[in-house]
Amino acid sequence: MAESSPAPTALATVYGYPRQGPGRELKKAVEGYWAGRTTDAELLDVAAGLRRDNWRRLAEAGIDEVPTGDFSLYDHVLDTTVMVGAIPPRHRAAVRADPLDGYFAMARGTQDVAPLEMTKWFDTNYHYLVPELGPDTVFAADPSKPVSELREALALGHNPRPVLVGPVTYLLLAKPAPDAPADFDPLTLLDRLLPVYAEILAALHEAGARWVQLDEPTLVQDQPQAVLDAVAGCYQRLGSLTERPKILVAGYFDHLGEALSVLAHAPIEGLGLDLTGPAAANLNDLAAAGGLPGKRLIAGVVDGRNIWINDLEKSLSTLATLLGLAGQVDVAASCSLLHVPLDAAAETEIDPEIRPWLAFARQKTAEIVALARGLNRGVRAISDDLTDNREALESRRTSALTRDPAIRERAAAVTGQDTRRAEPYAERARAQRNHLDLPLVPTTTIGSFPQTAELRAARADLRAGRIDQDAYDARMEAEIRAVLAFQEESGLDVLVHGEPERNDMVQYFAEQLDGYIATQQGWVQSYGSRYVRPPILAGDISRPHPMTLRWTTYAQSQTSRPVKGMLTGPVTMLAWSFVRDDQPLGETARQVALALRDEVADLEAAGTAVIQVDEPALRETLPLRAADRPAYLAWATEAFRLATAGARPRTQIHTHMCYAEFGEIIAAIDDMDADVISLEAARSHMQVAEELAQAGYPREVGPGVYDIHSPRVPGVEEVASLLRKGLSAIPADRLWANPDCGLKTRAWPETRDSLENLVTAAKQIRTEITSSSA
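Undergrad: Can you lay out the overall build of the protein for me, pointing to particular residues and giving the numbers?
TA: A tally of helices and strands in the protein yields 27 helices and 20 strands. Over its C-alpha atoms the protein spans a radius of gyration of 26 Å, differing by no more than 12% from the 28 Å that the globule rule assigns to 774 residues. When its C-alpha atoms are laid out on the principal axes, the protein stretches across 95 × 60 × 50 Å. Within the protein, the proportion of its 774 residues that are buried is 61%. Considering only residue pairs separated by 6 or more positions, the protein has 79% of its internal contacts joining residues 24 or more positions apart. For the protein, the exposed area adds up to about 28800 Å²; of that, 51% sits on carbon and sulfur atoms. Across the protein, the mean location of the 77 positive side-chain charges is 1 Å away from that of the 107 negative side-chain charges.

Here it is in structure tokens:
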């Protein structure tokens, strides 16, 4: 009898890695370049050093195949726009004059040229820059970035796999260019785009790439047959190329559904599948599709989006099942590790009981390597890893830190009456107008004002003991007085205290709620050079004391105009945290909502007339599959109402959302029953106002007229033009004027000029309304 050939050795790999560096070196270099402190050569040298360090650490950890092309100075979708030559006409001159400055102009805009629109990357908190495409778009291949980074890795002796955004996903993520018909479908450009991808694949092949990964995460969403047909045609063409590397297509964030069979039968050599959470359905779907005989499967069994340790025994069982479904099974995280912090070992202040439960990028890399070793050599080869893993999982499951009976009893006692305000909106609106006495098109801001170096230094001084609490409070009070004085002088109608005491809109509250854990070095990229430290939701949530009352009441004591109380909503508290995975999200949201309900009651009792409960993450957390959305929206909107429904009729409840597509959740926005909603609208030219009008939204709306993610100052006429467009959809007595989002990342000079222009434009619009009705 002939001997059977040995099973292929499973490789350990990742799709991508955090870009910022252990000390956020990339952020500092990029912002230094923008400020003129860093030259282009110095910036690019920092970036090259970070890539080298990432590859070295991955290789030393035991990763067999490292990703290239995943590193970006700002955004990987913007990198793809450059790679395929889809530069918007308004940016071409800047790109020709200086490619690096032109790149950042597309991301951030200039005083004269608007940036690309920004929106959420699927249901994550990462933001990407939306390509603008039209019938006249001409693509042109520029493989210089992926080729040069591939060559860097090869020269250092690594086994690299270039990672690119796939052509179908790139087109599905795009929007019609400003001069394109509104109903233009970017996917119609696929035949025009594929030769460009063929050229890029050929260039990578010539440079030494053996495999190339094409990411197609849009295929985990519900797609019509036309898109599936386009996918089949796309990979038939790319798979039939003669001068190319082997192609691996990766889908992640959910299961591929109907697209799995399409890709399984395409003439490509490999497929990457997410096998965590709801995406675990990929296992059965793969079996139903007949598996991947003779092909490579990268099994994403380690959760790339959360920070809890993997259940190694469960993952090994899944991997063993997959061995019979593919010619080669390799081990990876479910998606790029871009979405988690770098190293849990840096969190020296976290409770020692909790620390073994955590896995950041470096720990997840170790899990991937251990699983590949266990798959190749058997469980005895990783017996110590398995023992430690079992103990940590059991410790978390049984810990008193994770469960509080009193909190669970209160949450279980919530009734439907607790989640509805006692009076309908029309009655509340009359009471609020009488109480607040605001003009037509009232002006306000979203909440935060610039977080200056002095404010950050004050927080650092307090932490380090260089100043005491009284000195810190005095600094915060002085800043609040200055912010209020500016708002009064500018003529804003509803004021904010500016949030000088807050480090982040989620972290600030998490640090004051029992059940949350704050990190010290857990930075994650949100967009560009903006990094956040998502807190960890480890146990049942409660509010031991008021969180915002001290600063809100101080601010109100300094002015006769209304000052908004500012809270972060329950869904956003979950979405921008690393949530517990041992109970349904709806249960956790209810606990957070009850804590916020107590805060609303305290603010109202202290005389706060306007309370804003921000929910910018409501849309981003929407499940990618339509079948899962009704259940999510039911608990998400209930949580918001539970937090706010106890307010009196004359207390005006605001909410805020930003940088997402809102059309498909307008019914849910209505169900939140907020009195006023402010939304991002400047980059999308008031599209959301039109969508709300078409849906018959009956409440007050503040569609943003000032894009705060760009340093440019909008002129008075620009703001007035947007307000006029808003008035075409929203009646004057329900329209507000406000920026798109908070101002913490902006500098004071541009903030002053922009808000003064906003107020002037609103006054101009009021005059026009009065004149037209006379």
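Let's pick the thread back up.
Undergrad: Hey, could you go over the pairing of strand β16 (residues 564-568) for me, with residue numbers and the actual values?
TA: The side chains of a regular strand alternate between the sheet's two faces. By the criterion of burial, β16 is predominantly enclosed, with 5 of the 5 residues buried. Sheet topology places β16 next to strand β17 (residues 610-614); 5 bridges connect them, and they run parallel. Note on β17: the bridge partner recorded for Thr-568 is Asp-614.

Undergrad: Can you break down unusual backbone geometry residue by residue, with the values?
TA: The backbone of Arg-24 shows a phi angle near 50°, a positive value even though the residue is not glycine. With respect to the helices and strands, Arg-24 occurs in the segment before α1 (25-34). The backbone phi angle of Phe-253 is positive, close to 90°, even though this residue is not glycine. Along the chain, the position of Phe-253 falls in the loop between β8 (246-251) and α10 (258-264).

Undergrad: Account for the pairing of strand β18 (residues 652-657), with residues named and values stated.
TA: Within β18, 6 of the 6 residues are buried, leaving the element largely enclosed by the surrounding structure. Residue alternation in β18 divides its side chains into two sets, Gln-652, His-654 and His-656 and Ile-653, Thr-655 and Met-657, and both sets are buried. Handedness of the crossover is the feature at issue here: the chain leaves β17, passes through helix α23 (residues 629-644), returns alongside β18, and the resulting connection is right-handed.

Undergrad: Let's hear about the nonpolar core: which residues, and what values?
TA: Counting 119 residues, the largest nonpolar core has Phe-139, Tyr-170, Tyr-235 and Leu-319 as the members making the most contacts within it. If one sorts the elements of this core by residue count, helix α8 (residues 190-207) sits on top with 9 residues. With sequence-adjacent residues up to four places away left out, Tyr-170 is seen in contact with Val-77, Thr-80, Thr-81, Val-84, Ala-86, Pro-131, Leu-133, Phe-139, Val-165, Leu-193 and Tyr-197. Leu-484, Val-496, Val-592 and Leu-692 belong to the second-largest nonpolar core, a separate cluster that totals 99 residues.

Undergrad: Outline the packing of aromatic side chains, listing residues and values.
TA: This structure, assessed with the given rule, holds 14 aromatic pairs. Plain terms: the ring middles of Phe-449 and Phe-486 are 6.2 Å apart, the flat faces sit at 75° to each other, and that makes the pair edge-to-face. You can see Phe-449 sitting in the loop between α16 (425-436) and α17 (453-464) and its partner Phe-486 sitting in helix α18 (residues 469-490), a full 37 residues away along the chain. One exposure class covers both Phe-449 and Phe-486, and it is buried. Consider the rings of Tyr-632 and Trp-635, whose centres lie 5.1 Å apart with planes at 90°: the pair is edge-to-face. Separated by 3 residues within a single helix, Tyr-632 and Trp-635 lie in helix α23, roughly one turn from each other.

Undergrad: Please give an account of the confidence of the model for the protein that cites residues and values.
TA: For the protein, per-residue confidence averages 95 on the pLDDT scale, and residues scoring 70 or more make up 98% of the total. In this model residues 1-6 is a low-confidence stretch, pLDDT under 50, and it forms 0 contacts with partners more than four residues away in sequence or in other chains.

Undergrad: Can you break down the pattern of salt bridges residue by residue, with the values?
TA: Scanning all chains against the criterion turns up 50 salt bridges. A salt bridge links Asp-473 to Arg-550; its shortest N-O distance comes to 3.8 Å. Here the residue Asp-473 occupies a position in helix α18, and Arg-550 occupies one in helix α20 (residues 549-556), the gap between them amounting to 77 residues. Residue Asp-473 is classed as buried on the basis of its relative accessible area, which comes to 14%. Its relative accessible area of 36% is what places Arg-550 among the partly exposed residues.

Undergrad: Could you give me a rundown of the packing of helix α6 (residues 144-155) against α8, with the residues and numbers involved?
TA: Relative orientation of the contacting elements α6 and α8 amounts to 20°, with a least axis distance of 10 Å. The orientation of α6 with respect to α8, classified from their angle, is roughly parallel. Here α6 runs over α8; the crossing is right-handed. Here α6 contributes Pro-146, Val-147, Leu-150, Arg-151 and Leu-154 to the contact with α8, which in turn contributes Ala-203, Leu-204 and Ala-207. Residue classes in the contact of α6 with α8 are distributed as 7 nonpolar, no polar and 1 charged.

Undergrad: An account of the sheet that holds strand β20 (residues 700-703) is needed here, citing residue identities and associated values.
TA: Backbone hydrogen bonds hold the strands of a sheet together, and the pairing may be parallel or antiparallel. The strand order across the open sheet formed by 5 strands is β16-β17-β18-β19-β20, and the pairing between neighbours is parallel. Every other strand in the sheet has two partners, leaving β16 and β20 as the edge strands with one partner each. Strand-to-strand twist in this sheet, taken as the mean axis angle between neighbours without regard to direction, amounts to 20°.

Undergrad: I'd love a proper account of the sheet that holds strand β9 (residues 270-274), names of residues and values included.
TA: An order of β1-β5-β7-β8-β9-β10-β11 is seen for the 7 strands of this open sheet, with the pairing classed as parallel. The sheet is open, and its two borders are formed by β1 (66-68) and β11 (326-333), each paired with just one other strand. Taken pair by pair, the neighbouring strands of this sheet meet at an average axis angle of 25°, ignoring direction.

Undergrad: Before we move on, can you summarise α1 with the specific residues and values?
TA: Burial in α1 covers these residues: Leu-26, Lys-27, Ala-29, Val-30, Gly-32 and Tyr-33. If you follow the buried residues of α1, they end up packed against α2 (40-61), α5 (99-108) and β14 (530-532). Where α1 terminates, the next one or two residues include Gly-36, which has phi positive at roughly 85°.

Undergrad: Which residues make up a negative patch on the surface, and what values do they have?
TA: Residues Asp-40, Glu-42, Asp-45 and Asp-101 make up a contiguous surface patch of negative charge. Top contributing element to the negative patch by residue count: α2, with 3 residues. Relative to the assigned elements, Asp-101 resides in helix α5. Using a relative accessible area of 38% as the deciding quantity, one classes Asp-101 as partly exposed.

Undergrad: Break down the environment of Leu-297 for me, with residues and values.
TA: Tracing the backbone shows Leu-297 in strand β10 (residues 292-302). If near-sequence neighbours (up to four positions away) are discounted, Leu-297 is found in contact with Leu-271, Leu-273, Leu-286, Leu-292, Leu-322, Ala-326, Gln-328, Val-329 and Asp-330.

Undergrad: Can you tell me about the side chain of Thr-751, naming the residues and giving the values?
TA: Looking at the element boundaries, Thr-751 is found in helix α27 (residues 748-773). Within the structure, Thr-751 has its side chain in polar contact with the backbone oxygen of Ala-747 (distance 2.8 Å). Among residues more than four places away in sequence, those in contact with Thr-751 are Phe-449, Pro-450, Phe-486, Tyr-706, Leu-743 and Arg-746.

Calculation rules
- Residues numbered from 1 in each chain as written.
- Predicted model: local features only at pLDDT ≥ 70, side-chain atom pairs only at ≥ 80, totals over all residues.
- Heavy atoms only, no water.
- Helix = DSSP H or I, 4+ residues; strand = E, 2+ residues; numbered from the N terminus.
- Rg over C-alpha atoms; globule rule 2.2 N^0.38 Å.
- Buried < 20%, exposed > 50% of the residue type's maximum accessible area, 1.4 Å probe, protein only.
- Contact = heavy atoms within 4.5 Å.
- Areas by Shrake-Rupley, 256 points an atom, 1.4 Å probe, with all protein chains shown as cover.
- Lys, Arg positive; Asp, Glu negative; His and termini not counted.
- Charge placed at Lys NZ, Arg CZ, Asp CG, Glu CD.
- Pairing = 2+ DSSP bridges.
- Right-handed = clockwise from strand over helix to strand, strands pointing away.
- Core = buried A, V, L, I, M, F, W, Y, C linked by side-chain atoms within 4.5 Å.
- Phe/Tyr/Trp six-rings, centres within 6.5 Å; stacked < 30°, edge-to-face > 60°.
- pLDDT = per-residue confidence, 0-100.
- Salt bridge = Lys/Arg side-chain N within 4 Å of Asp/Glu carboxyl O.
- Axes fitted to C-alpha atoms, helices over the stretch in contact; angles between N-to-C directions.
- Parallel < 35°, antiparallel > 145°, perpendicular 65-115°, else oblique.
- Left-handed = near helix turned anticlockwise from the far one by under 90°.
- Nonpolar A, V, L, I, M, F, W, Y, C, P; charged D, E, K, R; others polar.
- Patch = residues over 30% accessible without salt bridge, like charges linked within 9 Å, V, L, I, M, F, W, Y side chains within 5 Å.
- Polar contact = N/O pair within 3.5 Å; in protein donor to acceptor, adjacent residues only side chain to side chain.

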